[in-house]
Structure formats: C-alpha cells, structure tokens
Amino acid sequence: MTLTRTVADDRPGLAVASTPEPPATASRRPALACAATLVVTGAAGAALLVAANRAAEWDTGDQFGFFWLGLLVFTLPAVVWLVRRGTGARLRIAVLTAYAGFTYLPKLLRTPDGPLYHDEFAHWRQAHEILVDGRLFEQNPIVKVVGDFPGLHSTVASISALTGVSIWHGALIVLITAHLLVVLGVFVLAEEIWPEPRTAAVAAVLYGLNSSFLFFDTQFGYESLAIPLLVWTLVALHRAMRGPAGRARYGWSAVTLMLSAATIATHHLTALGLLGVMLILCAVATARALRRSHPRAVTWTAWVLTVAAAVLVVTYLAVVAPRTAGYLDPYLAKALDQFAGMAGSSGSGKRTLFRESVAPWWERYAAFGAQGLAGIAMAAALWRLRYRREGDAVSRTGALAMFVLGSLYFPAALLILTPSGAEGARRSWAFSYLGIALVVAPVVVALLDHATRRPVRIATAGALLGVCAVALVGNTAAGMNPSYRFPGPPVFGSDTRSAIPEVSAASDWLRATQGRDLRIVADRYSGLIFGSYGGQRPVTGSQSFRTYDLYLAQPDREIPPLLIQQLSSWNFGYLIVDRRMAREVPEIQIYFETNEPVPHDGKPAFTLGQLTKFDGTPWTIKIYDSGNIAIYRFDFASLGRPVR
Amino acid sequence: MTTPRLIAAVLAALTLLVFSNGLPWVFVAVCLAALAGIGELWLRALSGEVMPPVTRIGLAAASGLVSLPFVAITLHALGILIRARSIAIGLAVLVGVLGAVVLLRERRSGSPADPRLPRMIGAVAIPGLLTLVVGFLALSAYGRLPHPPQPGYTSLALAGWAADINQPVAIGARGVHVPLRVSSAGRPGATEPLRVRVGPRLVSGRPMAVAADATRSVEVFVPAPPDHCLHRIEISLGATSTVFYGRGPVARVSTGRVSTGPGQTGC
C-alpha cells in the first residue's frame, strides 16, 4: 500500500521569496480579463500572420509589416500580463504556455503539410526509414550524420507508429511540445537563479528574442528537441548542486545524467554546447570555492556531473558517431581560414550581410541595432551582478556562469561575417542567448520597479517593450532568410522554394519505376526531394567525391576518369540534371555544397551545353525529361564508344 | 495519483495504443498522457522529491518524451525491429522497472502528493488547447484561401521494357515499338510535335495532343538503324525528349528480336 502525505513546501529558500499566489476568488477576475485579452489578440495575430503569408504568396510586398504586426499584437499584451505584479503563479504559467503556442504559429503556417527546410528533409527521411525498415542508425544521404543521432526521428517515428498519424503530424506534436518545454524550461531555470517569478518570466521572454526561436529551432531538426533537453538538464544540474546531501542529490544527479544522455543521442552540437555550459559552471564554482564563497560540495557535484556527461559525450562520439568530427571539422576550419582572410589585407573570405536580401530596410537596421542592444543589456547586467548580490551560493554561481555564457554571443557574432562561420554562429546564439536572457532579466525587472510613479512606469514599460520588439525583429531578420520565413513564387537555389511540382513528379516517377534506395548524382535542391520523398540515396558532391565535375565538364571535354571509376565501382545508377542551373543563379549561392569549386559571380555558373551534353554521350541514357528536370541512367560500359 | 494507479493507467494506455485502430488524434492524446505518466515515474524513481508544479510538469514531459528514443535504441541494440508493438512492449517494460523502483522507494519513505499539481496542469493544458484551436483555425483558413498556381510541366519518359534500357539496344530489321509515358500537369492542353530521330536523321514526326492534367501511354515506332554501329535514338515531344542508343541488324541477319550485343569494328 502506498503511503501518501501532502506537501508543505518544496524549496524553503525560494518559496519564501516567491510572490504569494492570490486567493482563487481574488485572482479569477484578472484571469478572465487576461484570457479575454489574449484570445482576442491571439485571434487577431493569427489572422495577421495568415495575411502575411498571403501577401508573400501573391508577392505584394506587405508580408513583413503584416507578420510583425501579427506577432507583436499578441506577444506585447502577453508580456504585459507576464510582468504584471498582480499576476498569480498559475496565470503566469498559463500566459507563458499561450506565448509558446502562439510563437510556434509562424512556423506552423510556413510548413503545414510537410518538410520544407533543408534539414527537415533529412529528418523526415530518417523517420520514414525507421517506419519502413524498423532500424536506427541508417546513413542519411542528405545530412550524413543525422542517422547517428536518432533522438528526434526515433521519437517522431515511435509516435507515428503508436498513434497512426503521419510522420509530419507526429513531428509537429513533438516539436510543439519541445517549443513549450523551452519556454517553461527557461522560466524554471531562471527561477533556480533568481527566486522571483516575474524575473523568470522576463527571462523566458528574452530568450524568445533569439534569432533561432521563431523559425530555426522550431523546424523538424535535431536541435529543436535537443535545446529544451539542454535547458532541462541545466535545471536538474542546479537542483543537484543545491540539493541537500544524500539521496536527494543523488536523485537529481541521476536526472541530470539521464537528460544529458538524451541530449547526446539527439544532437551533437547541443551535446557539446551542454558540456561547454557545464564546464563554465564548474569553472565559476571552482573559482568561488577557492575564494571560500561557495560550499565545496556544490563544486564537487558540478564537477562530478560534468565529467560524467563528458564521458558520455566522448564515448558516444567515439563509439556510436565517429563520423561527427569529420562532419563538423571542415566548417570550423574553413570559417577560421575565412576569418584570417578577412583580417588580412586582402579581405578575402568576407561575407556581405543582407546581400540581395529582400528584407525591408527597417529589418536590416534592427538586425544591427539588436547587437548593440545586447551589448548595452549585458553591460547593465554586469554592473548589476557586480553591485547586487542576490540568492544563495548556487544562484550566484549560476548567474555568473550565465554571464560568461552570454558574453560568448559577441565573438560568435563576428563569425557571421564569414560564409562558413555564419551557420555555426547562428546555431551558437541559441545557447549564448540563454545566458543573456538569464542575466538581463533582473535588469529589466529592476528598471520596471525603479519607476514608482505610474506615468513613468508606463513610459519605462513602453520603452522596454519597444526595445524587445527591435531585438525580436532584428535577431529574426539576422537569423533567417525571408524565403525561409515566407512562402512565395518558386525561386531556383532556395532550399524552401526550389521544390516545384515538376521535381516531385520526377522523383515520384523514378521511385515508381526504378525502386528506392538507388544511388543517384544530383544537385543540392533535387537531392532534397529525391533523397526524402523519393527514398533514393543522392550524392551532391564533396572534395573527395567530386560529382559536380560531371556538370562542370565542357561538352567536348572528357569526364575525369577517377570520377567515372568512383561512380562505376560504387554502383551509382542515375544522374539528375536541373537545367535551371544554366538559366538562374541560386538564391543561396550554392549549387551542390558549401565548398563547391563553382564560380559565383552573379551569373549562372553553367551553360546549357554543359547540362545537355549528356543527351549525346552513349554512357548516359535519358529516361525521363520534363523540361527543367532530366534523369539519365549510367551505362559506363558504353563510355568512349563511337556514335553515329 | 498513487503509483499503482499511475502504472495501471499507463499500461492501459499502451494496450489501447497497440490493439486499437482509427481515431489517430484521440490516440495522440492517449500517447502524450502515457508519456507524461512515464515521465512522472522517472521523476518518482530518480528524484522522489517534491518540486514546484511547473518544474514537475516540464521534467515529466521531457523525461516521458526521451523514453521513446531510449526504448528505440535499446530495441536496436537487441536486434528487434522498431514497430508499434515492440515500442509499446519496450515502454511497458520500462514502466515495470520504474514502477518497481518507485514502489520500493515509497515503501520506505512514503509518496509525496502535491495538491497544487492538478491546477497547474490545467494552467498548462487549457491555454495549450486554446492555442491549438487558434492554430488549427488559422491553418484551415489559410488552406481554404486561393493560392497562386504552381508552374506546370509536361514530362516524357520511357515506359514498359524501355524504362529498363541500360545498354545499347539491338534493333531488328523490322524496327521496334518503344512505349512512352506522357504526363502533363498545371498546363492547358496543347498539341506538340512527336518526332523520332535515329542519329541525325529525322525518321518520323507527327502532332500529338497532350491533354491537360493527364497521363497517357503511347508507343512510338523506331525503325532499325542502318547498320550495326551505335546510333543515337531520340524521341522528342515538344521541348522534352528521351535518348537511348541502338544498333541495327548485322548485314547477314534478316530478322531479329530485340537483343543487345557488343560493338563492331569499322563503326
């Protein structure tokens, strides 16, 4: 028989500092007012977001205004309810939940039916393969290491298998849950550091200003699940550090390790990011322990758990996912090269921000302004950390560690100027903004509380909301291309708008007539469709397997024999040619892969002759043609034979 | 909820998921509830400590969700294919193990119950459901509004035996009928020239009607190439074409079924 006892309190120290929840009868009226406000503004915001998508589809140019109006019409009142002093604990959580749900809506409207972003095709395929074959760790042809980190797609495939919903709907269920978990997780983590629910709510909102929050970390990609796991691991770690010695500390340590293991099995970079954050916490805890301002048990707990997580990460990367280092290394090495090139006199390797972007001028200015605002906010946070010491030893350690983490935002911002570093910089902001959010939140609340007279308080709140709006607009503009954010007319060389029905039809035909799991050579955009919906194994080229030389070869020149030997010995059977490569410049300046040896000078890199030469070579049999897309079957035995 | 009841509820939900069909969205709710229950068991087994309700909800949701990859990886390691039934059985085993740990722990120290938890669950569930309704309505409205037409295309593909051509085709003196598939989508019906070329020579040409948004099969006659050398054979419909290679009959052979053969000197 189970013994049951009611709880008096859970954390004495924190519970005392928390705002006491108003009685149920007293809180009912504000709750109803809040519900009415947010339902009306939520409906209006959703209608404006739909209008933004419509404007983008019909190319009227009004999408940016509609989008931001729609987003802000809900989020600003929601923030007001969150930071209002009279808001009770349950109402605050309810508003945060609504905030999380509403901020998923832009991504939901962008991709309601299926994958659209580059990595989404890879994860969709991986989940589909699990449902079809029942196996994990299959190599993915679109993102080669995705298969080694089965956390997300095995979750999605399992939900799809258990419930009968489609893979995409299964993914949406997981991703919406993960988005809610991020918002609640930042709130709870902030409560571990600042025992004040308003501050915690502000931290959750500030984290929502980061460049990945609305679109990138809501996609069907492994980081979308891994980042909430990271946040909740840090919650458990703080609990373990704070917990009384004995069974409670062991229990929270076990939760920390369980969530660490799940993070590692989900995403490589987030696992490394988690390790980095844990090491920062350990370093700060050690420094404070040496100055005797910190109990040693706390430091030891942090170190033991960090070492254990490091063992898990290293073991997983070495044993289960050994390809990861080779996958990540070229990005980092090339980014550093380009950074060195920028610093040198030549200025080579430099990337021009917003080049050929259709984003309006105010989004671009906001993008630069957001960096400045982050700098000012961090300076204010440093001043506050220096002169206002709050909370217990663990809170103080957590706050200082988060300040160090948030400071890493600025060096990463420099990498955005290099083509290869931009992707990594954008990904890192989801981590570093956690630090910014957690240390800037008390500054915001202090500013609000500092104004005692009502007009001044309203003016301060208005100014802060304005600053948050600028940061949200600017960070989102800096983090995501308009073609990822909005629908629109087909654009060649855009991950999201290249997939015209013609490509899907060619992919369907190949699968229906030739089967799946065929080894094919393709460009980046055809490869996404053929590799996901088509179920094939596309290769889009690399330094060691230069399939792009097939396309680059002039009509009267020989294909490199080494490449032919590789294709033949590795049983490549088909070649996909998208003739738009001879007419249009890819929007994202990539035909095949990021390090391709293809000129990017504003003109199409291929002539029609280079792409139609396969119509006259006896080793390529043209079995399908739809104008833009042609499919050839290789017949290497006929290479070099004379033709009449 | 007491631990035995929680275990029973989760096992009942898993049984329902395995043995029932249809109503996928109802099963989604059942599945999420089962995962939250498993997450709660994780917390009771590992921590066994009281915590703020929102922390409990978040950790239970995260722990429940990650139970799926843990079970999937375990099944993979054991060589068991990942299917609905194997996942459900794996989750049931996990529930059994966690439940046993929790019951042992509770025998010693009792089970803490938090009266704030049900209301906090409501504070998360109600706005969550409301935003889902708003999202669903927005999606429905967006889906029903007219959208710009997608670019159309006409495709031409080898079909039947011709879709399997993987080397030069040996064509007998009587020629060969090549099956084709013509498909059109997003374009108005049109008449396009259907032409056959053997090498540089145009051997036939006729207009062919291509219906809008339709797929049809056609057969095109390809005469024998003039000699046993390799010839390029192109069948085109408007701007689209298929290309394969073929050889005519050897001079002394008068008839021939479609077959393939090696090259010949003198070509």
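Bear in mind that the values here come from a model prediction, so they are computed numbers and not experimental data.

> In this structure, what is going on with the overall build of chain B? I would like to understand it.
Each helix and strand in chain B was counted, giving five helices and nine strands. Listing every helix and strand of chain B by position from the N terminus yields α-α-α-α-β-α-β-β-β-β-β-β-β-β. Relative to its length of 267 residues, chain B is extended, with a C-alpha radius of gyration of 34 Å against a globular reference of 18 Å. Overall, the C-alpha framework of chain B stretches about 100 × 50 × 30 Å when taken along its three principal axes. Burial analysis of chain B (267 residues in total) assigns 40% to the buried set. A fraction of 67% describes how many contacts in chain B between residues 6 or more apart in sequence connect residues 24 or more apart.

> How should I be thinking about the UniProt feature "transmembrane region" (unreviewed entry) in chain B in this particular structure?
Summarizing the sequence annotation, UniProt attributes the feature "transmembrane region" (unreviewed entry) to residues 57-80, 87-105 and 117-139 of chain B in the numbering used throughout. Between the C-alpha atoms that bound residues 117-139 of chain B there is a distance of 32 Å. The span itself is 100% helix and 0% strand.

> Teacher, can you tell me more about unusual backbone geometry here?
For residues that are not glycine, phi is negative in most cases, and the peptide bond is trans in most cases. In this model, Phe137 of chain A sits at a positive phi of 65°, which is unusual for a non-glycine residue. Along the polypeptide, Phe137 of chain A turns up in the loop between helix H5 (118-133) and helix H6 (151-163). You can call Phe137 of chain A partly exposed: it has 16 C-beta atoms within 10 Å. Even without glycine at this site, Asp213 of chain B takes up a positive phi of about 50°. Mapped onto the secondary structure, Asp213 of chain B falls in the loop between strand E6 (201-210) and strand E7 (214-222). Given 12 C-beta atoms within a 10 Å radius, Asp213 of chain B is considered exposed.

> Before we go on, may I ask you to explain the interface of chain A and chain B in this structure?
One frequently used descriptor of interface size is the decrease in accessible area upon assembly of the parts. Counting residues at the interface gives 90 residues for chain A, matched by 89 residues for chain B. Broken down by element, the residue count for the side of chain A that touches chain B peaks at ten residues, all from helix H4 (residues 89-110) of chain A. Counted by class, the side of chain A that touches chain B contains 54 nonpolar, 22 polar and 14 charged residues. In this sheet, strand E2 (residues 153-158) of chain B lies alongside strand E5 (residues 620-625) of chain A in antiparallel orientation, the contact comprising two bridges. Each bridged residue has a counterpart across the sheet, and for Tyr624 of chain A the counterpart in E2 of chain B is Ala157 of chain B.

> How do you make sense of the domain arrangement of chain B when you look at a structure like this?
What the domain assignment reports for chain B is domain 1 (3-114) and domain 2 (153-247). Distance between the C-alpha centres of domain 1 of chain B and domain 2 of chain B: 59 Å.

> How should the domain arrangement of chain A be read in this particular structure?
Residues and elements named next belong to chain A. For chain A, the domain assignment lists domain 1 (12-485) and domain 2 (501-638). For domain 1 versus domain 2, the separation of C-alpha centres amounts to 38 Å. Contact residues are listed per partner, giving eleven residues for domain 1 and ten residues for domain 2. Those elements that provide at least two residues to the side of domain 1 that touches domain 2 are H5 and helix H13 (324-343). Looking at which element gives the most residues to the side of domain 1 that touches domain 2, the answer is H5, with four residues. When the residues that make up the side of domain 1 that touches domain 2 are grouped by side-chain class, the tally is six nonpolar, three polar and two charged.

> Looking at this model, I keep getting lost on the packing of helix H11 (residues 268-290) of chain A against helix H12 (residues 296-320) of chain A. Mind explaining?
The geometry of a pair of packed helices is captured by two quantities: the angle between their axes and the separation between those axes. All names here are of chain A. Taken N-terminus to C-terminus, the directions of H11 and H12 make an angle of 155°; their axes are 9 Å apart at the nearest point. Put simply, H11 runs roughly antiparallel to H12. In the packing of H11 onto H12, the handedness of the crossing is left-handed. Residues Ala271, Leu272, Leu274, Leu275, Met278, Leu279, Leu281, Cys282, Ala285, Thr286 and Ala289 of H11 touch H12, and the partners they reach there are Arg296, Val298, Thr299, Ala302, Trp303, Thr306, Ala309, Ala310 and Val313. Considered class by class, the residues forming the contact of H11 with H12 number 16 nonpolar, three polar and one charged.

Here is what the cut-offs are and how they apply
Residues numbered from 1 in each chain as written. Chains lettered and ligands numbered in written order. Predicted model: local features only at pLDDT ≥ 70, side-chain atom pairs only at ≥ 80, totals over all residues. Helix = DSSP H or I, 4+ residues; strand = E, 2+ residues; numbered from the N terminus. Rg over C-alpha atoms; globule rule 2.2 N^0.38 Å. Buried ≥ 20, exposed ≤ 12 C-beta atoms within 10 Å, placed from the backbone. Contact = placed C-beta atoms within 7 Å. UniProt positions renumbered as here; feature names shortened; annotations may be inferred. Nonpolar A, V, L, I, M, F, W, Y, C, P; charged D, E, K, R; others polar. Pairing = 2+ DSSP bridges. Domains from an automatic or database assignment. Axes fitted to C-alpha atoms, helices over the stretch in contact; angles between N-to-C directions. Parallel < 35°, antiparallel > 145°, perpendicular 65-115°, else oblique. Left-handed = near helix turned anticlockwise from the far one by under 90°.

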